[in-house]
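Single-letter residue listing:
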Amino acid sequence: MTDHIQAAADALLGAYRSMTPIDPISPQFADAPLSAAYEIALAQVQDWEKNGDVVKGHKVGLASRAIQRQMGVSQPDFGHLTASMFHLEHAPIPRNTFIQPRIEPEIAFVLGKPLRGPGVTVAEAAAAVDFVLPSLEIVDSRISNWKIGIFDTIADNASSGGVVLGSRPSRVSDLDLRLAGCNLHVNGDLIATGAGGAVLGSPINALVWLANTVGPLGVTLEPGHVVLPGSMTQAVPVKPGDTIVATVAGLGSVTAVMEGDN
């Protein structure tokens, strides 16, 4: 199994380098537990770290019913966010960064205290958050045509791609994250609407789920790290030249600019 895991990780790493997606890997792991998919993802993270990248946070994927229906899955997953995935708001994101990008509006948590499960409660999770920011996650898949099941997306680092954070921090205590409404515009057109309650009932529940899921794996959510709890809307495909703006009630807006075909 170890050889198969490394071979799958190498195939996904090759897709990153070549910008060419690969066929789903799940048929090769038909009887394997989901823990094998996480081992494939971790092997990639370790390769990135060997090459100088640094883990700066985590994401919860597949957290809303809308995304689960869109992807044909029934449970959340998680992935790693590295320094190279973070892009400045309004700065054009190089068009060769992603293979088949989609974008999701989220409420990003920035931690002020460490969190480690199992046993983390909502109260402990809320107390560990320093502030929240509006954010846009650019999800991407190294699997052809997004033909993914739960095993494929976990192995592909939860389809992580990029992150754009807004610049206006807000305190959790000043907000009702469940009721925070979101409008997502692409090139000035309203494409999707949603609310924080779409994410496991509240984004804070996704933070609790993450801490209690990664804790038994020996992972602590560190101070200063970013946690993306999940999308408030369906994922929307984007293309070179697009400008995407998410506006979240009480948090303000965040803008991502995809570099055009110059």
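About the thresholds
- Residues numbered from 1 in each chain as written.
- Predicted model: local features only at pLDDT ≥ 70, side-chain atom pairs only at ≥ 80, totals over all residues.
- Heavy atoms only, no water.
- Helix = DSSP H or I, 4+ residues; strand = E, 2+ residues; numbered from the N terminus.
- Buried < 20%, exposed > 50% of the residue type's maximum accessible area, 1.4 Å probe, protein only.
- Contact = heavy atoms within 4.5 Å.
- Axes fitted to C-alpha atoms, helices over the stretch in contact; angles between N-to-C directions.
- Parallel < 35°, antiparallel > 145°, perpendicular 65-115°, else oblique.
- Left-handed = near helix turned anticlockwise from the far one by under 90°.
- Nonpolar A, V, L, I, M, F, W, Y, C, P; charged D, E, K, R; others polar.
- Expected span 1.5 Å × (residues − 1).
- Polar contact = N/O pair within 3.5 Å; in protein donor to acceptor, adjacent residues only side chain to side chain.
- Pairing = 2+ DSSP bridges.
- 1 Å grid on protein atoms, 1.4 Å probe; cavity = no way out; pocket = protein on both sides within 12 Å on 5 of 7 lines; lining within 4 Å.
- Points joined across faces, edges and corners; volume = space filled by probe spheres on them.

What follows deals with the environment of Asn157. Within the fold, Asn157 resides in the loop between helix H5 (150-155) and strand E6 (162-165). On the basis of relative accessible area, Asn157 is assigned to the buried category, the value being 0%. For Asn157 and Glu39, which are 118 residues apart along the polypeptide, the C-alpha to C-alpha distance reads 9.9 Å. Among residues more than four places away in sequence, those in contact with Asn157 are Ala41, Trp48, Gly79, His80 and Met85.

With that settled, the discussion passes to the packing of helix H1 (residues 2-18) against helix H2 (residues 34-50). One way to put it is that H1 packs onto H2 with a least axis distance of 9 Å and a crossing angle of 55°. Of the possible angle classes, the one that applies to H1 and H2 is oblique. In terms of crossing hand, the pair formed by H1 and H2 is right-handed. Along the contact surface, H1 presents Ile5, Gln6, Ala8, Ala9, Leu12, Leu13 and Tyr16, while H2 presents Ala36, Glu39, Ile40, Ala43, Gln44, Asp47 and Trp48. Residues belonging to the contact of H1 with H2 are distributed by class as follows: ten nonpolar, two polar and two charged.

Before going further, it helps to examine H2. For H2, built from 17 residues, the straight-helix expectation of 24 Å at 1.5 Å per residue is met to within 8% by its first-to-last C-alpha distance of 25 Å. The secondary structure elements touched by the buried residues of H2 are H1, strand E1 (55-61), strand E2 (77-82) and H5. Directly beyond the C-terminal end of H2, a positive phi value near 100° is found at Gly52.

The subject of this paragraph is the side chain of Asp140. Examined against the element boundaries, Asp140 turns out to sit in the loop between strand E5 (129-139) and H5. A distance of 2.7 Å separates a polar atom in the side chain of Asp140 from the backbone nitrogen of Ile99. Those residues in contact with Asp140, other than ones at most four positions away along the chain, are Phe98, Ile99, Gln100, Pro101, Trp146, Asp156, Ser159, Ser160 and Gly161.

With that settled, consider the pairing of E2. For E2, the buried fraction is high: six of the six residues fall into the buried class. Two elements, E1 and E2, share six bridges in a ladder whose sense is antiparallel. Looking at E2, one finds that Gly57 is bridged to Leu81.

Below, the discussion takes up the side chain of Glu137. By the secondary structure assignment, Glu137 is in strand E5. What makes Glu137 buried here is its relative accessible area of 0%. Side-chain polar atoms of Glu137 contact the side chain of Lys59, separated by 2.8 Å. Apart from residues no more than four positions distant in its own chain, Glu137 is found in contact with Lys59, Arg102, Ile103, Glu104, Glu106, Ser160, Gly162 and Leu228.

So, about the layout of surface pockets. Considered as a void within the structure, the largest pocket measures approximately 370 Å³ in volume. What lines the largest pocket is a set of 19 residues, among which Tyr16, Trp48, Ser84, Thr97 and Gly161 lie closest to the centre. When residues of the lining of the largest pocket are traced back to their parent elements, those giving at least two are H1 and H2. With three residues, the single largest contributor to the lining of the largest pocket is H1.

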